[in-house]
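# Topology and contacts: notes
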Amino acid sequence: MNNPSVSTPLRIAAAQSPSAPGDVARNVLTHLAFVRVAAAEGVQVLLFPELSLTGYEPAVLAANVLDADHSALAPLRQAARDQGMAIVVGGPAAPVQPGALPAIGAWVLAPDGSVALYRKHHLHASEERFASAGTDDAQVHLLAGEPTGMAVCADITHPEHARAAHGAGAALYAAGALISHQGYGPESALLQGYARDHAMAVLLANYSGPSGGYVSAGRSAIWEPGGRCVVTAEGDAPCIVWATRGDSGWSGGVVAVDLQHLAVA
């Protein structure tokens, strides 16, 4: 895959979203609220945090394994079609090897109705009781015409992961994560370094609020190729962090997402 010209229009965004522990139905409603805001901003690619559909709750993975035709994904697949938007959501998936523990998946929902899956390659030690690592999924997917390398949280702490995405032609590296205040400094520095060293744009979607006993730093962000931070959220409030590539380079912004009336949406 060849990197597109800088002048090719593209608008990408991170959904800095909260998740209710284990409540997939409610989390789908939250996702749809973010999709509506992103659509109003003309977003073409929308990325959610790690395990956004369940919350970062490794113990509930086995009870919530998804497949492409799962009813939980149906409203989000329809939203991708209706909005002409590629939507990447986090949720449990079947393992590579039958009988193994579930995988931590990034589900890629395309505007044409197709579904692709990337399974997290690198697990934290605390996740190995509940999940198995992915090994043979395609890491790079074409989203809105952009070759996009998928990453899930701990993947970003392994430089060979970003290097492999670059080697496979990625022009965008998209990481859904749960990063704490303690981890944010070193991990955001790694992401900035990947943008600089591999000439890829880098998109980080971090949680809003706590999940699984961790307190998210928020501060979802986008770096342009070369390493300049285009935009970052100031804190962990629910928001869309977007960036656009145009003839004059990259620009971006942050749009708050109001979840107050979510229950009656």
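The structure reproduced in this document is the subject of the present report. Each residue is numbered by its place in its chain's sequence as written, counting from 1. Per-residue local features of the predicted model are confined to residues with pLDDT of at least 70, and side-chain atom pairs are confined, for both listing and counting, to 80 or more; whole-chain, interface and lining totals are unaffected and use all residues. Neither water nor hydrogens contribute to the side-chain values; these are computed over all heavy atoms in the structure.

For the rest of this paragraph, the subject is the overall build of the protein chain. Assigned secondary structure in the protein chain consists of 4 helices and 15 strands. Whereas a compact globule of 265 residues would reach a radius of gyration of roughly 18 Å, the protein chain reaches 16 Å, a difference of no more than 12%. A principal-axis box enclosing the C-alpha atoms of the protein chain has dimensions of 45 × 40 × 40 Å. By sequence separation, contacts in the protein chain at least 24 residues apart represent 64% of the contacts at least 6 residues apart. The protein chains shown are the only cover counted for residues, whose accessible areas, like all others here, come from Shrake-Rupley with a 1.4 Å probe. If you sum the accessible surface of the protein chain, you get close to 10,300 Å²; carbon and sulfur atoms cover 53% of it. Positive charges come from Lys and Arg alone, negative charges from Asp and Glu alone, with His and the N- and C-terminal ends not counted. Taken as the charge centre is NZ of Lys, CZ of Arg, CG of Asp or CD of Glu, depending on the residue. Here the protein chain holds 13 positive side-chain charges and 22 negative ones, and the gap between their average locations is 2 Å. The numbering of helices and of strands both runs from the N terminus, where a helix is a DSSP run of H or I of at least 4 residues and a strand a run of E of at least 2. We compute the radius of gyration over the C-alpha atoms and compare it with the globule rule, which gives 2.2 Å times the number of residues raised to the power 0.38. By definition in these notes, contact holds between two residues if any of their heavy atoms fall within 4.5 Å.

Another point: the pattern of salt bridges. Each reported salt bridge corresponds to a side-chain nitrogen of Lys or Arg within 4 Å of a carboxyl oxygen of Asp or Glu. All told, the structure shown has 6 salt bridges when counted by the stated rule. Between Asp 69 and Arg 77 there is a salt bridge; the shortest N-O distance is 3.4 Å. Buried means the residue's accessible area, taken with a 1.4 Å probe over protein chains only, is under 20% of the maximum for its type, while exposed means over 50%, and partly exposed covers the values in between. Judged by its relative accessible area of 67%, Asp 69 is exposed. One salt bridge in this structure joins Asp 197 and Arg 196, with 3.0 Å as the shortest N-O distance.

Moving on to the nonpolar core. Counting residues in hydrophobic clusters, the biggest one holds 55 residues, and the most contacted among them are Ile 12, Met 150, Tyr 173, Leu 191, Leu 203 and Leu 204. Per-element accounting of this core gives the leading share, 5 residues, to strand S9 (residues 201–205). We define a nonpolar core as any set of buried Ala, Val, Leu, Ile, Met, Phe, Trp, Tyr and Cys residues linked to one another through side-chain atoms lying within 4.5 Å.

Time to look at the pairing of strand S14 (residues 239–246). Regular strands show a simple pattern: their side chains alternate between the two faces of the sheet. Of all 8 residues that make up S14, 8 are buried, and the element is covered over most of its length. Along S14, one buried face is formed by Cys 239, Val 241, Ala 243 and Arg 245 and the opposite face, lined by Ile 240, Trp 242, Thr 244 and Gly 246, is buried too. One bridge is not enough; two strands pair if DSSP finds at least two bridges between them. The sheet contact formed by strand S1 (residues 10–16) and S14 spans 7 bridges and is antiparallel. Counted as the bridge partner of Ala 15 is Ile 240 from S14. Judged from the 8 bridges that link them, S14 and strand S15 (residues 249–256) form a sheet pairing that is antiparallel.

Let us look at empty space enclosed by the protein. Residues are called lining when one of their atoms sits within 4 Å of a cavity or pocket point, these points coming from a 1 Å grid over the protein atoms alone, where a cavity is a set in which a 1.4 Å probe fits but cannot get out and a pocket is an open set with protein on both sides within 12 Å along at least five of seven lines. Grid points are joined across faces, edges and corners, and a volume is the space filled by probe spheres set on the points. Taken as a whole, this structure holds 1 cavity of 30 Å³ or more when the rule is applied. Counted as a void, the largest cavity has a volume near 60 Å³. Along the wall of the largest cavity there are 13 residues; nearest its centre are Phe 48, Pro 49, Ala 106, Val 152 and Gly 176. Listed by contribution, the elements that provide at least two residues to the lining of the largest cavity are strand S3 (86–93), strand S4 (103–109) and strand S7 (146–152). Top contributing element to the lining of the largest cavity by residue count: S3, with 3 residues. In the lining of the largest cavity, the residues fall into 9 nonpolar, 3 polar and 1 charged. Polar here means any residue other than Ala, Val, Leu, Ile, Met, Phe, Trp, Tyr, Cys and Pro, which are nonpolar, and Asp, Glu, Lys and Arg, which are charged; Gly is therefore polar.

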